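These are the residues of each chain, in order.
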Amino acid sequence: MDLDVSVLNYFALHNSEKEPDETFNYGRGKIEALAAVIEGIVITISGIYIFYSAIEKLLHEHPTVYLKESILVMLISLIITAALVIFLNYVAKKTSSMLILSDALNYNTDLYSIGAILLALDIITFTNFQMIDSVLGIAIAAYIIYSAYGLIKEGILVLMDVAMPKETVDQIKTIIEENPNITSYHQLLTRCSGKDAFVSAHLVFNISTSLFEAHRVCDTIEDKIKQIDDGFTWNLVLHPDPYDDSAMHITEE
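Residues numbered from 1 in each chain as written. Predicted model: local features only at pLDDT ≥ 70, side-chain atom pairs only at ≥ 80, totals over all residues. Heavy atoms only, no water.

> Account for the pattern of salt bridges, with residues named and values stated.
If you walk through the whole model with that rule in mind, you get seven salt bridges. The salt bridge involving R28 is made with D21; its shortest N-O contact spans 2.9 Å. For the salt bridge of D170 with K166, the shortest nitrogen-to-oxygen distance reads 2.8 Å. In this pair, D170 and K166 are both assigned in helix α6 (residues 166-178), four residues apart and thus about one turn of the helix distant. On the accessibility criterion, K166 (58% relative accessible area) is exposed. Among the charged side chains, a salt-bridge network with shared partners connects K30, D161 and R191. (Salt bridge = Lys/Arg side-chain N within 4 Å of Asp/Glu carboxyl O. Helix = DSSP H or I, 4+ residues; strand = E, 2+ residues; numbered from the N terminus. Buried < 20%, exposed > 50% of the residue type's maximum accessible area, 1.4 Å probe, protein only.)

What follows is the structure, given as structure tokens:
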């Protein structure tokens with residue numbers, strides 16, 4: 001299942017990086033969010049299956065066999081998965097890719113699961129307490145479903161054009177407010193789509209400010225906003241206003 005999800009993520013990531021064209025003017029970045037939702041659903045299904053298997057084993061008391069072989073396999077899996085999680089988290093931090101971060105979460109869930117399985121196998125080996133396998137299986141299933149919920153929620157929020165994190169929006173506001181040429185601003189809108197960050201705002205200048213000067217100030221503000229996170233491709237639309245027309249926009253709405 002992990003292999004299938006990772007293959008899906010590969011094709012989603014490959015397509016999300018394509019340049020904007022006549023059909024997709026803003027690019028295909030939201031493919032990452034869509035793939036994250038699908039991955040979350042797949043993880044949820046696996047969690048439900050593990051929960052069902054644990055309950056079924058608890059009721060029918062199937063003994064765990066091939067303990068030594070199982071412990072060896074899980075130790076190998078633990079080492080490989082830990083290395084993969086470390087690498088995926090490194091790439092996710094470097095690229096700010098939601099899809100890679102979701103894949104890292106998927107394998108991180110596996111890591112905790114493997115640890116719990118090893119614990120259960122050791123307890124069974126030394127105490128023959130077979131019930132622990134089902135108990136930890138239920139706990140693993142609950143953790144998997146909980147993790148998947150967060151992944152699905154984040155993907156849906158991106159698909160719905162949720163605003164950028166409050167910390168980032170506050171930084172943008174500070175940059176605008178610190179510029180002495182700006183008297184006020186309104187209609188500050190933000191969203192993300194893959195590696196693309198979209199920001200638009202109306203900046204109010206003194207009525208005597210020339211178009212050239214207003215354009216220069218907008219360029220300065222754009223340059224500072226882009227420095228907030230160089231992992232994003234920033235798409236900025238700053239509209240200079242000679243007066244505060246925010247009340248007019250509210251009336252129109």
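> I'd like to hear about the nonpolar core, residue by residue, with values.
With 21 residues, the main nonpolar core has M164, I182, L203, F205, I221, I225 and W234 as its most contacted residues. Breaking this core down by element, the ones donating at least two residues are α6, β1 (182-193), β2 (196-205), α7 (211-226) and β3 (233-241). With sequence-adjacent residues up to four places away left out, I221 is seen in contact with I175, I176, N179, I182, L203 and L238. (Core = buried A, V, L, I, M, F, W, Y, C linked by side-chain atoms within 4.5 Å. Contact = heavy atoms within 4.5 Å.)

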